[in-house]
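Read off the chains here:
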Amino acid sequence: MSKFKTKHLLGLKDISKNEITEILKLASKYKYLKSKKVNLQDEALAFLFFENSTRTRISFELAAKKLGISTINFDSTSSSISKGESLVDTMQVLESLGVTVAVVRHKKNCFTEELSKMSNVSIINAGEGSNEHPSQGLLDLFTLQEYFPNMNGVRIGFVGDIEHSRVARSDIYGLQKYGVKIFATGPKNLLPKDLESMGVKVVNSLDELINKVDVIIALRIQYERMDKKYYPTKDKYFKEFGITNERLEKQKRKILIMHPGPINRELEISSEVADSSNSLILQQVSNGIPVRMGIISWIVSNRN
Ligand code: CP
């Protein structure tokens, strides 16, 4: 663990396994010891979302409310940023108003790191560009540990648009700290060039991936971040990389399916699989609340 406790959560690359374990233990306490009273009413949490969200935004809000924390929504389009106020001034205004924690989503890589230097407000990265989405990475680890408590020998495979996926990066950084074997496949132009150097074994097809792993994490094709010509047609993608019962049934073993959402049915995954007992997709969503309670309370305890 680092000598100085961090008061931000910017990514999983630069925090230790011990720190991740601390957050996941808090999450477990919030999930399973529901009667435990928590009250952090002196804290105030602001949402600065410059990109859309359903899961992350709502689960952070519910997590904060369960911890007794007031929340405010900062909408840049109706804020004084639209009148020319700088981000530094905005952050200092928020701090003067008593905001202690900001949950931030932005399209630009390293935006949250820049923001963390502008005031004493603690910053939680709620997804930025193609860099990291640490709270999703932590809830994915938490969900996996419900099936594989020590992660011993578990093999995880990613399929899809890894190039644009901040979730994949946070998942990979987190999983590697537990020594998990990681595989990946997808359209060649959607696989980052540094994937093998990140310790991920790239395989040639979805069938090969299914043959090797215990859990598949499917990723959304992020058309909004790519040139329209990037990948030919949805039909071709589904045929090559869509997860279907037909493909899974070739294995005798049960293979668990995860997806950070939002899912595109009949593109990344068939409805049959998404709604099957193999799918942990909604379990991931509901684990978002205790994990984000764990993140907020960890940050607050590091501040105090
Ligand atoms: N997984 C995820 O970040 O979903 P949202 O975009 O709905 O927050």
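Here the structure is a predicted model, which is why all the values come from computation and not from measurement. (Residues numbered from 1 in each chain as written. Predicted model: local features only at pLDDT ≥ 70, side-chain atom pairs only at ≥ 80, totals over all residues. Heavy atoms only, no water.)

1. Comments concerning the overall build of the protein chain
Next, step 1: Of regular secondary structure, the protein chain possesses 11 helices and nine strands.
Next, step 2: Taken over C-alpha atoms, the radius of gyration comes to 19 Å for the protein chain, in line with the 19 Å a tight globule of 304 residues would show.
Next, step 3: With the principal axes as the frame, the protein chain shows a C-alpha extent of 60 × 45 × 35 Å.
Next, step 4: Relative to its full complement of 304 residues, the protein chain shows a buried share of 53%.
Next, step 5: When contacts within the protein chain are restricted to residue pairs at least 6 apart in sequence, those whose partners lie at least 24 apart make up 74%.
Next, step 6: Working note: accessible area of the protein chain is about 14,200 Å², and carbon and sulfur atoms make up 50% of it.
Next, step 7: For the protein chain, the distance from the average position of its 44 positive side-chain charges to the average position of its 35 negative side-chain charges is 3 Å. (Helix = DSSP H or I, 4+ residues; strand = E, 2+ residues; numbered from the N terminus. Rg over C-alpha atoms; globule rule 2.2 N^0.38 Å. Buried < 20%, exposed > 50% of the residue type's maximum accessible area, 1.4 Å probe, protein only. Contact = heavy atoms within 4.5 Å. Areas by Shrake-Rupley, 256 points an atom, 1.4 Å probe, with all protein chains shown as cover. Lys, Arg positive; Asp, Glu negative; His and termini not counted. Charge placed at Lys NZ, Arg CZ, Asp CG, Glu CD.)

2. Regarding the site of the ligand
Next, step 1: Ser53, Thr54, Arg55, Thr56, Arg105, His133, Gln136, Pro260 and Gly261 make up every residue found near the ligand.
Next, step 2: In this structure, an oxygen atom belonging to the ligand sits 2.8 Å away from a side-chain N or O atom of His133.
Next, step 3: A distance of 3.1 Å separates a nitrogen atom of the ligand from a polar atom in the side chain of Gln136.
Next, step 4: Within the complex, 91% of the 260 Å² of free accessible area of the ligand lies under protein.
Next, step 5: Class assignment of the residues belonging to the shell around the ligand gives a composition of one nonpolar, six polar and two charged. (Near = heavy atom within 4 Å. Polar contact = N/O pair within 3.5 Å; in protein donor to acceptor, adjacent residues only side chain to side chain. Nonpolar A, V, L, I, M, F, W, Y, C, P; charged D, E, K, R; others polar.)

3. Let's talk about the packing of aromatic side chains
Next, step 1: Scanning the model with the defined rule gives three aromatic pairs in all.
Next, step 2: Residues Phe47 and Phe49 carry aromatic rings whose centres are separated by 6.0 Å and whose planes lie at 65 degrees to one another, so their mutual orientation is edge-to-face. Like Phe49, Phe47 is buried.
Next, step 3: Seen in terms of ring centroids, Phe50 and Phe111 are 5.6 Å apart; in terms of plane orientation they differ by 70 degrees. Their pairing is edge-to-face. (Phe/Tyr/Trp six-rings, centres within 6.5 Å; stacked < 30°, edge-to-face > 60°.)

4. What about the packing of helix H1 (residues 17-32) against helix H11 (residues 281-303)?
Next, step 1: Two elements in contact, H1 and H11, have axes whose closest approach is 7 Å; the angle formed by their N-to-C orientations is 125 degrees. Relative to H11, the element H1 is oriented oblique. At the point where H1 passes H11, the crossing takes the right-handed sense. For the pair H1 and H11, the contacting residues are Glu19, Glu22, Ile23, Leu26, Ala27, Tyr30 and Lys31 in the first and Asn287, Pro290, Val291, Met293, Gly294, Ile295, Ser297 and Trp298 in the second.
Next, step 2: Across the contact of H1 with H11, the residue classes break down as nine nonpolar, three polar and three charged. (Axes fitted to C-alpha atoms, helices over the stretch in contact; angles between N-to-C directions. Parallel < 35°, antiparallel > 145°, perpendicular 65-115°, else oblique. Left-handed = near helix turned anticlockwise from the far one by under 90°.)

None of the figures reported here should be taken as evidence of function without further support.
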